[in-house]
Amino acid sequence: MIQALLWDVDGTLAETERDGHRVAFNRAFDDLGLRWCWDEARYGELLRVTGGRERLLADMATRGDAPVGAAAREALARDIHACKNRHYAALVLDPGIALREGVQALLDEARARGLRQAIVTTTSRDNVESLMRSTLGRRWQDGFEVVVCGEDVRDKKPAPEAHERALAALRLSPLECLAIEDSPGGAAAARAAEVPVVVTRSHYFADAAVDGAIAIGPGLHARRGWRPACEHGDDGAVGLRELEAWHASADCVSSFD
Ligand code: XBP
Ligand code: MG
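What this report covers is the structure whose coordinates are included nearby.

Some remarks on the sheet that holds strand S1 (residues 4-7)
Here comes step 1: The strand order S3-S2-S1-S4-S5-S7 describes an open sheet built from six strands, whose pairing is parallel. Strands at the two margins of the open sheet, each flanked by one partner only, are strand S3 (146-148) and strand S7 (215-217). Direction aside, the axes of adjacent strands within the sheet are offset by 15° on average.
Here comes step 2: Note: S1 against strand S4 (residues 177-181), four bridges, orientation parallel. Across the sheet, residue Trp7 finds its bridge partner in S4, namely Ile180.
Here comes step 3: Together, S1, strand S2 (116-120), S3 and S4 form the strand contacts of helix H7 (residues 161-170), whose direction differs from that of S3 by roughly 160°.

Observations concerning the pairing of S2
Sheet faces and side chains relate simply in a regular strand, where the side chains alternate between the two faces.
Here comes step 1: By the criterion of burial, S2 is predominantly enclosed, with four of the five residues buried.
Here comes step 2: Examined bridge by bridge, S1 and S2 share four bridges and lie parallel to one another. Each residue of the ladder has a partner; that of Ala4, found in S2, is Arg116.
Here comes step 3: Relative to S3, S2 is paired through three bridges, and the arrangement is parallel. Within S3, the position partnered with Val120 by the bridge is Val148.
Here comes step 4: You can see the chain leave S2, run along helix H6 (residues 125-136) and come back into S3, and the turn it takes is right-handed.

Rules used throughout
Residues numbered from 1 in each chain as written. Chains lettered and ligands numbered in written order. Predicted model: local features only at pLDDT ≥ 70, side-chain atom pairs only at ≥ 80, totals over all residues. Heavy atoms only, no water. Pairing = 2+ DSSP bridges. Helix = DSSP H or I, 4+ residues; strand = E, 2+ residues; numbered from the N terminus. Axes fitted to C-alpha atoms, helices over the stretch in contact; angles between N-to-C directions. Contact = heavy atoms within 4.5 Å. Buried < 20%, exposed > 50% of the residue type's maximum accessible area, 1.4 Å probe, protein only. Right-handed = clockwise from strand over helix to strand, strands pointing away.

Printed below as a string of structure tokens:
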């Protein structure tokens, strides 16, 4: 039986990357007078690096016009990131970023059934707060017993630390939990912590190969297109019944591409 759901944020709860974080980074580049721009394709490549500051440093390593020297780069990455987070907070309000289809229904079902829920992300706390407050309201934390963010870990996903911290705070063993992630790195993080994971593919990881998920599909809104197929047919959304069935066969970990 699942005791707790461990929710990833970016890509899983909401499609935040292409029209949220990416646009905010580009606005910050403008504000700071940098003639840099991350188009959709480049941002997709950079998503291999988790963490906004880390992503900036990875991009700088490929540019001729980045500052020379680690300290100067880190200072610039910090400034861009702070500015970007302000733009992100504005963007989640206007034009707004909605929860992905099917997310609210599963949050509500889990709450009604008394499951414990946690946020397990390595995104910065301010960005988590902006998104959650705008989508779930001022008291969003009431729905989550534990909230692990980027500042709480030394090693971001795909390292297991964020999930391990959540397990420790919940005092649960990995097999009592189910992680919900959207990316190969997120799935790898959960698996490294030995937590069974289902993957709801997001925009940037629609075709990515994913190792170690117990199930993978296009989103929580639809049972059609999931592997393994849902026992009760393709009509309707993915609910706790489907998650419990996959979780019960969690030893059948598969690779999906
Ligand atoms: C999301 C990330 C984050 C966001 C940006 O990872 O990789 O870096 O893109 O957020 P996950 P910050 O979905 O695993 O949480 O700028 O706050 O890092
Ligand atoms: Mg994610």
